[in-house]
Amino acid sequence: MTDTTQTPGPTGLPRTITDYLTAHRTRDADTAITCFTNDGVVTDDGKTYNGTADIRTWLERSAGEYTYTIELIGAEKTDDEHYTAINHLEGDFPGGVVDLRFRFTLRDGRIASLVIEA
């Protein structure tokens, strides 16, 4: 069986990351959480969320906090385990417009770490 989690999509990002980004964009926490390792870590807005239960709480909270659109505008590969997705957001959050870097670290085909920063 082929491991499709590492097969690059049209963006050049591994499928695990594109699956996460799609789930994030559509606010689908159930799908998004399956992209993480059990001990995954997310850092967003200066706060760190550890493990899938904590990450799920963050996903559900952030999905309803503001109304926004998100568009992938760039992608970078550092090595086989480190990728950055650059997303353009527009919405009713403070400032209204921002480009955010989603920095991913993969382990065994799943997201071990995600750092979101401007």
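Here we summarise the structure given alongside this text. (Residues numbered from 1 in each chain as written. Predicted model: local features only at pLDDT ≥ 70, side-chain atom pairs only at ≥ 80, totals over all residues. Heavy atoms only, no water.)

**Overview of the environment of Thr105**
Within the secondary structure, Thr105 is located in strand β5 (residues 97–107). Separated by 13 residues in the primary sequence, Thr105 and Ala118 have C-alpha atoms spaced 17 Å apart. (Helix = DSSP H or I, 4+ residues; strand = E, 2+ residues; numbered from the N terminus.)

**With respect to the nonpolar core**
Counting residues in hydrophobic clusters, the biggest one holds 28 residues, and the most contacted among them are Tyr20, Trp58, Phe102, Phe104 and Leu114. Once residues lying within four places of it in the same chain are set aside, the contact partners of Trp58 are Tyr20, Val42, Asp44, Tyr49, Leu114 and Ile116. (Core = buried A, V, L, I, M, F, W, Y, C linked by side-chain atoms within 4.5 Å. Buried < 20%, exposed > 50% of the residue type's maximum accessible area, 1.4 Å probe, protein only. Contact = heavy atoms within 4.5 Å.)

**With respect to unusual backbone geometry**
Glycine aside, residues mostly have negative phi, and peptide bonds are mostly found in the trans state. Even without a glycine there, the phi angle at Asp45 is positive, about 55°. Within the secondary structure, Asp45 sits in the loop between β1 (36–44) and β2 (47–50). In this model, Asp108 sits at a positive phi of 55°, which is unusual for a non-glycine residue. Turning to its location among the elements, Asp108 is positioned in the loop between β5 and β6 (110–117). Judged by its relative accessible area of 74%, Asp108 is exposed.

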